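# Survey of secondary and tertiary structure
Take a look at the letters that make up each chain.
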Amino acid sequence: MSQNLLEGEGCAFSENIKSHTKKHNARIYMKSSANIRVMLQAASTFVRDSFGTASGIPRSSSERNGLHCEQPRSAVEAESKPTRTKVEQVSKSSRSALEQPSKHARRVVEEYLNTELVVHSPRFISKGARGTCVTLHGLHRFHVCSHLRRPLTNPTWGLAFGVLLVLLFAISKPSFAQQMPAPIAIGEYAPDFHADQLLNNPNGALKLSDYTGKLIILDFWATWCQPCIAKIPEMERLQREFDGRLQFISVTSQSRTEIQQFLDRREKGQRTPSNIPYIVEDNQLKNAFPHGSIPHYVWLAGNGKVLAITGSEEVNEANIRQMLIEPVALKQKTELIRQYDRREPLLFDMETIAETNLFFNRALVGYIPGIGGGMVQTITSDSTSEFIKGQGNYRRITVRNQSVAGLYQVAFKDGKRNFRWENTILKVQEPGKLSSEKHGAPYTEWLADGNGFCYELIVPKNQAHRAWDLMKEDLRRWFPQYTATVEKRATPSICLVRTTEPDLLKSKGGEPMVNMGPFGGELRNVNLGYLVLELYIKGLKVHKKPVINLTGYRNPVDMKINADLSSLESINGALEPYGLALVEQDHEVENLVIRDSE
C-alpha cells in the first residue's frame with residue numbers, strides 16, 4: 001500500500017461521488033431509528049439555516065444525552081461507561097452533516113469522507129443500497145454507503161414538512177425557554193436561575209443573584225470523570241484564595257444519592273469538607289450551556305453576563321486574578337457532537353450488512369471528530385451484552401480515534417489480556433508518532449493532526465476466533481514501518497495478595513453490582529478481577545504500574561471500600577479486614593513491545 005495514504009495525502013475519490021452528490025441532497029444516516037429528537041433537531045436546523053439565523057446563536061444541539069471525559073486513555077479501558085455519548089474538541093468550523101443546509105450537500109459529503117481512508121473488503125452491492133465504488137491505490141474495491149436520498153420534488157411540500165417537524169419537536173419536550181434560554185453564548189446574559197436540588201450549601205436554595213459582584217465559575221462534572229475529580233482540590237484552594245470575590249458552583253445531572261455518597265467518601269478520605277456548593281439532578285444549566293465533554297467551565301460576571309466557556313487548562317489563579325481586574329478573552333472551548341450509537345458498526349451500514357452474505361469487512365480511516373475515543377468488541381461478548389443484541393450472525397471490533405500504539409494494544413489483547421501504557425514499550429526512534437502524553441484539547445488536536453485512527457473489522461459469527469489475528473494482519477499491512485511482539489519481562493508492579501487463611505471475602509449472593517468511585521464504593525457478588533480493574537481505573541493508574549491479582553481466589557466476593565483510591569496506604573487500610581493487601585514488587589508481566597521495522 002502506498003505509504004502517503006497514511007501521511008495526510010488522503011484519498012482521491014472517484015467522480016461517481018461528486019456527480020452523485022450534485023443530484024441529491026445528502027444526509028448522514030441516523031443509525032438509531034429511535035433517536036427521533038435528533039432528526040427533529042435536524043429539521044429545525046434546516047429551516048433555520050435556509051431562512052436566516054441570528055448571529056452568535058450556536059448551531060449545536062441544546063440537549064446532550066451523554067458526556068465524554070477529556071482524558072487520553074488506552075483503548076482497552078476507554079469504555080467503562082457504555083452509555084455515554086463521546087465528544088472531542090474540534091474547530092468551530094466543523095459541523096455534523098445534520099447541521100448543514102441542504103444546498104451544501106456536496107461539500108458535506110466530501111468533507112465527511114475526505115479522510116485518510118483504507119478499506120479492505122470483498123465487493124458487494126446489496127439490493128436497494130446506494131453508494132459509490134472506488135479504487136484506492138490498488139486495494140480491493142469497496143462500497144461507500146454515502147446514504148444519499150433524492151430531494152422532494154415539490155419545494156412547498158418540503159417547507160411544510162420541515163415546519164411540521166419543528167412544531168413536533170417543540171411539543172416533544174418540556175419548554176423552559178422563558179426561564180432559561182438555550183443555548184446561551186459568550187456575551188449574552190443568563191437569567192437569575194434558581195436551583196433547589198443542592199448539596200453542601202448552607203442556604204438551601206441557590207440563585208445567581210446571590211453572588212452579585214462576584215466572578216462565578218460553573219463547573220460541569222461527573223463522579224466518573226478523573227480529570228474532573230483531579231480538579232476539585234485546586235478549585236477548593238482557589239475558592240479560599242479569592243473568598244468573597246469568586247464563587248465556584250459544581251453542576252451535575254447525577255442523582256443526589258450518588259453525589260452525596262461521593263462527598264461523604266471524599267470527606268472521610270481527605271478529612272476536609274468541601275467549600276463548593278453542588279447542584280445535582282440538573283437539567284436547566286446543561287441545556288443553557290450545552291456541552292458534550294467534561295470538565296466544562298462557564299465563567300459568569302456577577303450580573304449574569306457570560307464571560308468565557310473553557311476547558312480545565314484555563315481555570316487557574318492567573319486567569320482568575322485577571323478576570324477580577326478586567327475581563328479578557330480566554331481560549332474558548334468549542335465542540336462538535338455527532339450522534340453515534342456504539343451498539344452498531346461505525347464504518348459500515350447495518351442494512352447493507354444484513355442483506356449480504358457476509359465474508360469480511362475491514363476499514364481504517366483517520367480521526368473522526370465528534371465521536372470520542374474508545375473501543376467496542378463483541379468477539380468475546382456473551383449473548384446478554386447490549387452490543388450483541390441485533391447483530392445477527394456477525395461480530396466486530398470497532399476502535400474510535402486511537403493512536404497507532406492504541407491500535408496495537410487492541411489487536412494484541414486477543415480477548416483475554418489488557419495492554420495499557422504501563423506494559424507497553426515503544427522502542428522506536430519517533431515515539432511521538434505512536435502516542436502522546438498530552439491531555440484535554442492538546443491531545444485531541446494531536447490526534448486530529450494525522451495521529452488518530454478509527455478501525456473496524458466485521459466477521460461472521462463462526463469466524464470470530466480469527467478476528468484478533470486478522471486485525472494484526474491489517475496493522476502489518478497498513479503500518480509496515482513497525483513490528484510488535486509480546487514479551488514477558490520483570491516489571492515493577494502493584495500486586496494484590498491475600499494476607500490471611502480464613503475466607504473473609506466470600507459473597508452472600510444477590511444481584512451482582514459494582515459501584516466504585518475515586519473514594520471507594522461497593523462490590524457485590526463479583527470476582528476480584530473487578531476490584532483490580534476499578535482500583536486501577538479510579539486511582540492507581542497515577543502510579544504508572546500494572547495492577548495484578550495474585551490472590552488465586554476464584555469465588556465471587558462482597559466488599560465495601562472507603563479509601564482514596566490513588567493512595568496505597570489508604571487502600572490497604574480498607575483491604576485489611578478482608579485479608580488482602582497491595583504490595584509493590586517486581587513481577588513477570590507480558591509487555592507489548594513495538595519496534596521500528598528493520
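Keep in mind that this is a model prediction, so the values were computed, not measured. (Residues numbered from 1 in each chain as written. Predicted model: local features only at pLDDT ≥ 70, side-chain atom pairs only at ≥ 80, totals over all residues. Heavy atoms only, no water.)

## Things to note about the overall build of the chain
The line we're drawing: The secondary structure listing takes helices from DSSP runs of H or I that are at least 4 residues long and strands from runs of E that are at least 2 residues long, numbered from the N terminus. Buried, partly exposed and exposed residues are distinguished by accessible area as a fraction of the type maximum, computed with a 1.4 Å probe on protein chains only: under 20%, between the cut-offs, and over 50%, respectively. The contact criterion used is simple: two residues touch if any of their non-hydrogen atoms lie within 4.5 Å. The Shrake-Rupley method, run with a 1.4 Å probe, gives the accessible areas here. Residue values count only the displayed protein chains as cover.
Summing up its helical and strand segments, the chain has 14 helices and 28 strands in all. Taken over 598 residues, the chain has a buried fraction of 53%. Considering only contacts in the chain between residues 6 or more positions apart, those separated by 24 or more positions represent 77%. As presented, the chain carries roughly 27800 Å² of accessible surface, and 49% of it is formed by carbon and sulfur atoms.

## Section: the pattern of salt bridges
Under the convention used in this document: Any Lys or Arg side-chain nitrogen found within 4 Å of a carboxyl oxygen on Asp or Glu counts as a salt bridge.
Overall, the coordinates contain 21 salt bridges when judged by the stated rule. Residues R266 and E236 are paired through a salt bridge, measuring 3.0 Å at the closest nitrogen-oxygen approach. Note that R266 is positioned in helix 6 (residues 256-270) and E236 in helix 5 (residues 226-241), a separation of 30 residues in sequence. Accessibility assignment for this pair places R266 and E236 in one class, buried. One salt-bridge network, in which partners are shared between bridges, spans D414, R417, D469, K472 and E590.

## Remarks on the confidence of the model for the chain
The criterion, for reference: Per-residue confidence from the predictor is reported as pLDDT, a score between 0 and 100.
Per-residue confidence for the chain gives a mean pLDDT of 74, with 67% of residues at or over 70. For the stretch residues 1-66, pLDDT sits under 50, and the model shows 142 contacts to residues farther than four places along the chain or on other chains. Between residues 76-155, whose pLDDT stays under 50, and residues either more than four places distant or in other chains, the model counts 236 contacts.

## Focus on the side chain of D474
Put simply, the rule is: We call two N or O atoms a polar contact when they sit within 3.5 Å, provided that within protein one can donate a hydrogen and the other can accept it, with sequence-adjacent residues counted only if both atoms are side-chain atoms.
Along the chain, D474 turns up in helix 12 (residues 467-478). According to the relative accessible area criterion, D474 is buried, its value standing at 0%. Side chain to side chain, D474 and R362 meet in a polar contact 2.7 Å long. One polar contact links D474 to Y455, side chain to side chain, over a distance of 2.7 Å.

## Remarks on the sheet that holds strand 24 (residues 513-517)
Threshold: Two strands qualify as a pair provided that DSSP identifies no fewer than 2 bridges between them. Lines fitted to C-alpha atoms define the axes here, with helix axes fitted over just the stretch in contact, and angles between the N-to-C directions of these axes take values from 0 to 180 degrees.
Spatially, the three strands line up as an open sheet ordered 24-25-27, and their pairing is antiparallel. Looking at the sheet topology across the chains shown, the edges are occupied by strand 24 and strand 27 (557-561). This sheet shows a mean twist of 10° between the axes of neighbouring strands, independent of strand direction. Strand direction decides the pairing type here: strand 25 (residues 520-526) and strand 27, joined by five bridges, are antiparallel. Counterpart to L523 in the pairing with strand 27 is M559.

## A few points about the sheet that holds strand 13 (residues 278-279)
Strand order in the open sheet formed by six strands is 9-13-12-11-15-16, with mixed pairing between adjacent strands. Only two strands of the sheet have a single partner each, and these edge strands are strand 9 (198-199) and strand 16 (306-310). As paired strands, strand 9 and strand 13 are joined by two bridges and run antiparallel to one another. The partner of L199 across the bridge, within strand 13, is Y278.

## With respect to the packing of helix 5 against helix 8 (residues 317-325)
Spelled out, the test is: With the far helix as reference, a near helix turned anticlockwise by less than a right angle produces a left-handed crossing, and one turned clockwise produces a right-handed crossing. Three classes are used, and their members are as follows: Ala, Val, Leu, Ile, Met, Phe, Trp, Tyr, Cys and Pro are nonpolar, Asp, Glu, Lys and Arg are charged, and the others, Gly among them, are polar.
Two elements in contact, helix 5 and helix 8, have axes separated by 11 Å at closest approach and are oriented at 35°. Crossing angle aside, the handedness with which helix 5 passes helix 8 is right-handed. Judged by residue contacts, R237, L238 and E241 of helix 5 engage E317, I320 and R321 from helix 8. Within the contact of helix 5 with helix 8, the residues separate by chemical class into two nonpolar, no polar and four charged.

## So, the packing of aromatic side chains
The cut-off we apply is this: The rule is short: rings of Phe, Tyr and Trp, with Trp giving its six-membered ring, pair when the centres are within 6.5 Å, and they are stacked under 30 degrees, edge-to-face over 60, tilted in between. The rule for a charge over a ring is simple: NZ of Lys or CZ of Arg within 6 Å of the ring centre, and within 35 degrees of the ring normal.
This structure, assessed with the given rule, holds seven aromatic pairs. With 5.3 Å between their ring centres and 80° between their planes, F453 and F479 make a pair best called edge-to-face. You can see F453 sitting in strand 22 (residues 453-460) and its partner F479 sitting in the loop between helix 12 and strand 23 (482-498), a full 26 residues away along the chain. Between the NZ or CZ atom of R420 and the centre of the ring of Y536, over which it lies, the distance is 4.4 Å. In this structure, K472 is placed above the aromatic ring of F412, and the distance from its NZ or CZ to the ring centre is 5.2 Å.

## A word on the nonpolar core
Applied cut-off: Note on terminology: a nonpolar core comprises buried Ala, Val, Leu, Ile, Met, Phe, Trp, Tyr and Cys residues joined through side-chain atoms within 4.5 Å.
Counting residues in each nonpolar core, the largest one holds 54 residues, and the members touching the most others are L218, F248, I279, F289, W299 and I320. Not counting residues up to four positions away in its chain, the partners in contact with L218 are F193, I249, L285, F289, H296, Y297, V298 and L300. The next biggest cluster of nonpolar side chains, apart from the first, holds 32 residues, and it includes A411, F453, W468 and L470.

## As for the pairing of strand 20 (residues 394-402)
Taken across its nine residues, strand 20 has nine buried, putting it largely inside the fold. As paired strands, strand 19 (residues 374-377) and strand 20 are joined by four bridges and run antiparallel to one another. What sits directly across from Q377, in strand 20, is I397. Sheet analysis places strand 20 next to strand 22, joined by seven bridges and oriented antiparallel. By the bridge assignment for strand 22, T398 is matched with E456.

## A short note on the state of the cysteines
Put simply, the rule is: By definition, disulfides here are pairs of cysteine sulfur atoms that lie within 2.5 Å.
In the structure shown here, the tally under the stated rule is one disulfide. Each sulfur of the disulfide joining C225 and C228 lies 2.5 Å from the other. Here C225 and C228 share a disulfide; its torsion about the S-S bond, 75°, makes the bridge right-handed. In this structure C228 comes out as buried when scored by relative accessible area, which is 3%.

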